[in-house]
Amino acid sequence: FLGFAVGALLFTLRPTPALPVKESMSISTQNGNPRNTPVVQAVKKSGPAVVGITNKAYAKDYFNRTVQTGEGIGSGVIFDSRGYIVTNFHVIDGASELIVSLADGRSFPAQLVGGDPATDLAVVKIEATDLPVAILGDSDTLQIGEPAIAIGNPLGLEFQGTVTVGVISALKRT
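In this text, all values refer to a predicted model and were calculated from it rather than measured experimentally. (Residues numbered from 1 in each chain as written. Predicted model: local features only at pLDDT ≥ 70, side-chain atom pairs only at ≥ 80, totals over all residues. Heavy atoms only, no water.)

### Things to note about the nonpolar core
Okay, so step 1: Ranked by internal contacts, the top residues of the largest apolar core, which has 21 residues, are Ile 53, Ile 85, Ile 92, Val 100, Leu 102, Val 124 and Ile 126.
Okay, so step 2: Among the elements of the structure, β2 (50–60), β3 (66–80), β4 (84–87), α3 (89–92), β5 (97–101), β6 (107–116) and β7 (121–126) are those that each provide at least two residues to this core. (Core = buried A, V, L, I, M, F, W, Y, C linked by side-chain atoms within 4.5 Å. Buried < 20%, exposed > 50% of the residue type's maximum accessible area, 1.4 Å probe, protein only. Helix = DSSP H or I, 4+ residues; strand = E, 2+ residues; numbered from the N terminus.)

Here is the structure:
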């Protein structure tokens, strides 16, 4: 489950180190717009790097015809502009075909680069360049109580770009 929830995408909002904690706890805005909160800013910045991944499985039927036997959909995050995407292993497990849907509406076939069922992590690659990239944080520096933002595709691509906010409730859980 990625330790930082890439099944949806987790970002933390940290106070600016140079500011006292009391000042950093207030909601900062950009251009004086009170609705342009840190959450809105993080979603605008990172949302384009969140993708949908469709997993299609095929098998031969009794008459030796290829038939689709299953389909699953999950989320992933572009971490390299050359088309590398991290996702959960369970999203790609058993796939005969992978299709990545970008936030801008384009879709690409994907190839599995590698996966690890024990950590539920996988990397896929699409043939595209100059893609938006998420800036990933360091989970070793997380603190209990920090805000967290998840962006993803719960229950399929029709809910693409869904956002929710929570807090880091515990550390070092697997």
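What follows continues from the structure just given.
### What about the environment of Thr 69?
Okay, so step 1: Within the fold, Thr 69 resides in strand β3.
Okay, so step 2: When the C-alpha atoms of Thr 69 and Ser 96 are compared, they prove to be 10.0 Å apart, with 27 residues separating the residues in sequence.
Okay, so step 3: Dropping the residues within four chain positions of it, Thr 69 is found in contact with Ala 57, Tyr 58 and Ala 59. (Contact = heavy atoms within 4.5 Å.)

### Regarding the confidence of the model for the protein
Okay, so step 1: On average, residues of the protein carry a pLDDT of 81, and 79% of them reach 70 or more.
Okay, so step 2: Note that pLDDT drops below 50 for residues 1–27; the model gives that stretch 57 contacts with residues more than four away or on any other chain. (pLDDT = per-residue confidence, 0-100.)

### Quick notes on the pairing of strand β8 (residues 147–152)
Okay, so step 1: Across the six residues that make up β8, a large majority, five, are buried.
Okay, so step 2: The pairing of β8 with strand β9 (residues 162–167) spans six bridges and is antiparallel. Opposite Ala 150, over in β9, you have Thr 164 as the bridge partner. (Pairing = 2+ DSSP bridges.)

### Thoughts on the sheet that holds β7
Okay, so step 1: A barrel is described by the order of its strands in space; here six strands give the closed sequence β2-β3-β4-β7-β6-β5, paired in antiparallel fashion. The average angle at which neighbouring strand axes cross in this sheet is 40°, direction not considered.
Okay, so step 2: Sheet topology places β6 next to β7; six bridges connect them, and they run antiparallel. Residue Ala 110 lies in a different strand from β7, and its bridge partner there is Ile 126. (Axes fitted to C-alpha atoms, helices over the stretch in contact; angles between N-to-C directions.)

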